[in-house]
Amino acid sequence: MDPLRARKLALGTVETALACGAAEAEAIVLSTSSALTRFADNRIHQNVSGEDTVVSVRAVLGHRTGVASTNRADASSLRACCISAVDAARRAPEDPHFPGLPAPEAVVTPDRAAPATRSFGPEQRAEAVRAIVAQSSARGLSAAGQVSVSDDTTAVANSLGVEIAMPVTSFHATVLSTAPASGSGRARAAGGARAGAPPPPPATRDRSRPRPSATALPPSRRGRPGLPRSIRGSTRSFWLPKRSRTWSGCWPGTAARRRR
Amino acid sequence: MRQFTASCLDAALSAGATYADVRVTDTRTQALSVRNGAPEGVVSSDSFGFGVRVIADGAWGFAASSDVSDASASRIARQAVAIARASATVGVRPVKLAEVAAYDETWQGPCEIDPFGVPLDEKLALLDSADRAMRSVRSISLTRAEMSFVSVSKTYASSVGSFIEQRWVESSAGIVAHAIEDGEVLPRSYPNSHGGGCYQAGWESITGLDLPGNALRVAEEASALARAPECPGGTTTLVIGGSQLALQVHESVGHPTELDRVLGDEAAFAGTSFVTVDDVGRLKYGSPIVNVTADATVPGSLGSFGYDDEGVPATRDHLVRDGILVGFLGSRESAVAIGRPSNGCMRADGWARTPLVRMTTVSLEPGSSGTLADLIADTDEGLYVETNNSWSIDDKRLNFQFACEVGWEIKSGKLGRMVRRPNYTGITPRFWGSCDAICSASEWRVWGLDNCGKGEPMQVAHVAHGAAPARFRDIEVGVGR
């Protein structure tokens, strides 16, 4: 969804929430388009894409707030969502520390989207996988991992006049290379580049020729030279003896509740 | 919906797919909680969309959208085919699927009272009542009562000719009281930790828990934990309560027998398995009294359904019989690798995700050792533990450590003093091999787990495990102290 449409949807939702009884309201629209290619044993075994737009409403009644969300953008669904948020706010306890919704401030219109990442389609993801797999298979290793891209737009609007949207693209790749007998290596690349192609695929190496640390990688493999440090792709590699690859069961990126 | 799913399938086949299926899923959720006497939050959401999965050029492709329209049907189906064709360019081994018949069916899970029809005030009043009872115990520092509800309506159609509509409701609730002693937080939960009890049922399952009636006991046990000694370390006989044993089954039998892990597809993220395909019929997984089943037909279980997300009917299958590994959790594709039909374990956590091999109701079958009281009476010396507090297991599901909320020493066939922070460790086949008693069917219960994470993009499955308390010999407990 383009930023203008996302802003209009957020603003319209705020107006609906006010009409449903909220004293103040905020709407966040998150429109996502993502794709992920998984590979294992040197072949692609899963390749997916998805698009979704979720509207989240925060209704404010004094120092009480309530939240509801929906991914249906028709008027009746948005209205039902707003009513749920207002209903939740009515039952919420007073939060004396709630500072109220933010007022608008002058901001530079942010844009963190890269056209090259947006157009990084299934063929390009397969090409990236092929490059990763080639490094492992040439060394007699088995590669498993993923290459993913996302193109998201977030819009925020509130009843005090905030109205802004930001597109963001990102790229991630991971690879675990495993030797037939023992030993494995893992590498990861991530980027939210403003322009140009996604970062190069992560490097993999045979454990028989280990490197002391990721810092030993040549600059060309550490990131994307020429881009500001804050937005260039980052890579890191580390080595673990196969038998010590234990983990706690706590998944990366999850919040309060642990995944089993 | 028939017309929409037919449009998706037609578009996929016209674009060159040799197989296609489509799922349209409508999910509604509500969660609310009370903490320390105040409503903490009421959150509701709904999500509607569809996903098309295809095989083209011998490879998989999947595309999904929340835009459920005729125009989108064709676009997304073609996109799935394009993705499959790209998949086929890297190391493809043409996908082969085990046979499945075509079904035109509907299925509905049990639900007497629609929880979404129960007023919010009634729900909050129940939570508040339980929370208030816990706070009546003075030494309790933090209390929380929570409940959540999920309603799912799913339509599945495939190029095999199936058209299947399924609906179910899930209800979950629980309470937890925390005592704090010397900076250590000591939780005590009911009916289970990590969110409480989870059921494929309606509001009746929540009222049946009697949260307020159990709140005082829970709080008093948390308070007692604060005064209890640490669990002593050593090797002893361990009796494990049902809910903890359910998680033990989940981590050390369920995950290692997922065929996608066994075949290496999850190597880079969730992990693999110490079990190999060649182990079937040979691997001694446990003692001869250990029988583990995968059953998607258990009424009221989070692991139950009419058909999985490949249109395979729900089945009951043995994973371990008389202590020997005899089966896996599989899909139509992975089943081919072991030369069997699919036992219907493919599920996605929503319309936006492609299905993965998932546990159904993976259960330790009941034994013949009577009640928990009988089992304790039959144990001369040891430790009884219940309710999970934390877990850790390696990526082959071999070496594990679990901590529980509470334990009691067993002396001369009787429960003795309470101990805090009991934990135990083991190696999967050795641990199950040490099982010498399992309580009878009267003690067997199904425990729902609604937070099983797996796959990229991450999916969170709702599964379940049946278990009765069981006894294990020579187990290392109180480790790391």
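Every value quoted in this text rests on a predicted model; they were computed, and no experiment measured them. (Residues numbered from 1 in each chain as written. Chains lettered and ligands numbered in written order. Predicted model: local features only at pLDDT ≥ 70, side-chain atom pairs only at ≥ 80, totals over all residues. Heavy atoms only, no water.)

**What to know about unusual backbone geometry**
All names here are of chain B. Of note, the bond from tyrosine 190 into proline 191 is cis; its omega dihedral lies within 30 degrees of zero at -5°. Tracing the chain through its elements places proline 191 in the loop between strand E7 (184-190) and strand E8 (197-199). Cis geometry marks the peptide bond from glutamate 456 to proline 457; its omega dihedral reads -5°. Unlike most non-glycine residues, arginine 397 shows phi in positive territory, near 65°. Relative to the elements of secondary structure, arginine 397 occurs in the loop between strand E16 (381-393) and strand E17 (399-411). (Helix = DSSP H or I, 4+ residues; strand = E, 2+ residues; numbered from the N terminus.)

**Regarding the pairing of strand E3 (residues 64-70) of chain A**
Judged from the seven bridges that link them, strand E2 (residues 43-61) of chain A and E3(A) form a sheet pairing that is antiparallel. Considered in E3(A), the bridge of A:Val55 is made with A:Thr70. In the sheet, E3(A) pairs with strand E2 (residues 38-56) of chain B via four bridges, with the strands oriented parallel. From the neighbouring strand, A:Ala68 faces E2(B), where its bridge partner is B:Ser44. (Pairing = 2+ DSSP bridges.)

**A look at helix H1 (residues 2-14) of chain B**
Over its 13 residues, H1(B) runs 18 Å from end to end, which matches the ideal 18 Å to within 8%, given 1.5 Å per residue. Its buried side turned inward, H1(B) meets strand E1 (19-35), E2, helix H2 (70-87), strand E5 (140-158) and strand E6 (163-181) of chain B. (Expected span 1.5 Å × (residues − 1). Contact = heavy atoms within 4.5 Å.)

**Considering empty space enclosed by the protein**
Summed over the entire model, instances satisfying the criterion amount to four cavities of 30 Å³ or more. Around the second largest cavity, the lining is made up of 13 residues, and of these A:Arg43, A:Ile44, A:His45, B:Ala59 and B:Val95 lie nearest the centre. Contributing elements (two or more residues each) for the lining of the second largest cavity: E2 of chain A together with strand E3 (59-65) of chain B. Here the lining of the second largest cavity gets four residues from one element, more than from any other, and that element is E2(A). Its residues assigned to classes, the lining of the second largest cavity shows five nonpolar, five polar and three charged. (1 Å grid on protein atoms, 1.4 Å probe; cavity = no way out; pocket = protein on both sides within 12 Å on 5 of 7 lines; lining within 4 Å. Points joined across faces, edges and corners; volume = space filled by probe spheres on them. Nonpolar A, V, L, I, M, F, W, Y, C, P; charged D, E, K, R; others polar.)

**Structural notes on the pattern of salt bridges**
All names here are of chain B. Evaluated as defined, the whole model comprises 41 salt bridges over all chains. Among the salt bridges present, the one from arginine 53 reaches aspartate 21, with a minimum N-O distance of 2.9 Å. One end of the pair, arginine 53, is in strand E2; the other, aspartate 21, is in strand E1, and 32 residues separate them in sequence. With relative accessibility at 3%, the residue arginine 53 sits in the buried group. A relative accessible area of 3% means that aspartate 21 is categorised as buried. In this structure, aspartate 378 engages arginine 471 in a salt bridge whose closest nitrogen and oxygen atoms are separated by 2.9 Å. One end of the pair, aspartate 378, is in the loop between helix H9 (372-377) and E16; the other, arginine 471, is in strand E23 (residues 470-477), with 93 residues separating them in the sequence. On the basis of relative accessibility, which here comes to 4%, the residue arginine 471 falls in the buried class. In the salt-bridge network here, residues are joined through shared partners; they are Arg188, Arg217, Glu221, Glu386 and Glu405. (Salt bridge = Lys/Arg side-chain N within 4 Å of Asp/Glu carboxyl O. Buried < 20%, exposed > 50% of the residue type's maximum accessible area, 1.4 Å probe, protein only.)

**Quick look at the interface of chain B and chain A**
Facing the 66 residues of chain B at the interface are 50 residues of chain A. If you look at where chain B meets chain A, you find eight salt bridges. Between A:Arg72 and B:Asp26 there is a salt bridge, and its shortest N-O distance comes to 2.5 Å. Summed over the shared surface of chain B and chain A, the number is 27 residue pairs in polar contact (both at pLDDT 80 or more). At the level of secondary structure, the elements contributing two or more residues to the side of chain B that touches chain A comprise E2, E3, H2, helix H3 (120-135), helix H6 (242-254), E16 and strand E21 (445-454) of chain B. (Polar contact = N/O pair within 3.5 Å; in protein donor to acceptor, adjacent residues only side chain to side chain.)

**Overview of the confidence of the model for chain A**
Looking at chain A, pLDDT values average 78 and 73% of them are 70 or higher. Counting interchain partners and residues more than four positions distant, the pLDDT-below-50 stretch residues 203-256 of chain A has 108 contacts. (pLDDT = per-residue confidence, 0-100.)

**Digging into the environment of B:Asp57**
Residue and element names in this part refer to chain B. Turning to its location among the elements, aspartate 57 is positioned in the loop between E2 and E3. Exposure remark for aspartate 57: the relative accessible area of 47% places this residue in the partly exposed category. Taking the C-alpha atoms as reference, aspartate 57 lies 48 Å from glycine 117; in sequence the two are 60 residues apart. Setting aside anything within four residues of it in sequence, one finds aspartate 57 in contact with Arg85, Ala88 and Val92. Here the side chain of aspartate 57 touches arginine 85 through a polar contact of 3.4 Å, side chain to side chain.

**Some words on the sheet that holds strand E11 (residues 316-321) of chain B**
All names here are of chain B. Read across the sheet, four strands follow the order E12-E11-E10-E15 without closing on themselves; strand pairing throughout is antiparallel. With partners counted over all chains shown, the strands left at the sheet margins are strand E12 (324-325) and strand E15 (362-364), one partner each. Alignment of strand E10 (residues 292-295) against E11, held across four bridges, turns out to be antiparallel. Looking across to E11, one finds that valine 292 is bridged to valine 320. H6 rests against E10, E11 and E15 of the sheet, and its axis sits at about 115° to E15. (Axes fitted to C-alpha atoms, helices over the stretch in contact; angles between N-to-C directions.)

**Section: helix H4 (residues 122-137) of chain A**
Compared with an ideal rise of 1.5 Å per residue, which puts 16 residues at 22 Å, H4(A) spans 22 Å between its outermost C-alpha atoms and is within 8% of the ideal. All buried positions along H4(A) are accounted for by A:Pro122, A:Arg125, A:Ala126, A:Ala128, A:Val129, A:Ile132, A:Val133, A:Gln135 and A:Ser136. Here the buried face of H4(A) lies against strand E1 (24-40), E2, strand E4 (142-158) and strand E5 (163-178) of chain A together with H2 of chain B.

**Structural notes on the pairing of strand E18 (residues 414-420) of chain B**
Relative to E18(B), E17(B) is paired through five bridges, and the arrangement is antiparallel. Bridging across to E18(B), B:Ile410 finds its partner in B:Leu415.

**Examining the packing of H3(B) against helix H5 (residues 211-227) of chain B**
Residues and elements named next belong to chain B. For the pair H3 and H5, interaxial distance at closest approach is 7 Å and the crossing angle is 25°. Of the possible angle classes, the one that applies to H3 and H5 is roughly parallel. The handedness of the crossing between H3 and H5 is right-handed. Here Leu126, Leu127, Ser129, Ala130, Ala133 and Met134 of H3 come into contact with H5, specifically with Leu211, Pro212, Ala215, Leu216, Val218 and Ala219. (Parallel < 35°, antiparallel > 145°, perpendicular 65-115°, else oblique. Left-handed = near helix turned anticlockwise from the far one by under 90°.)

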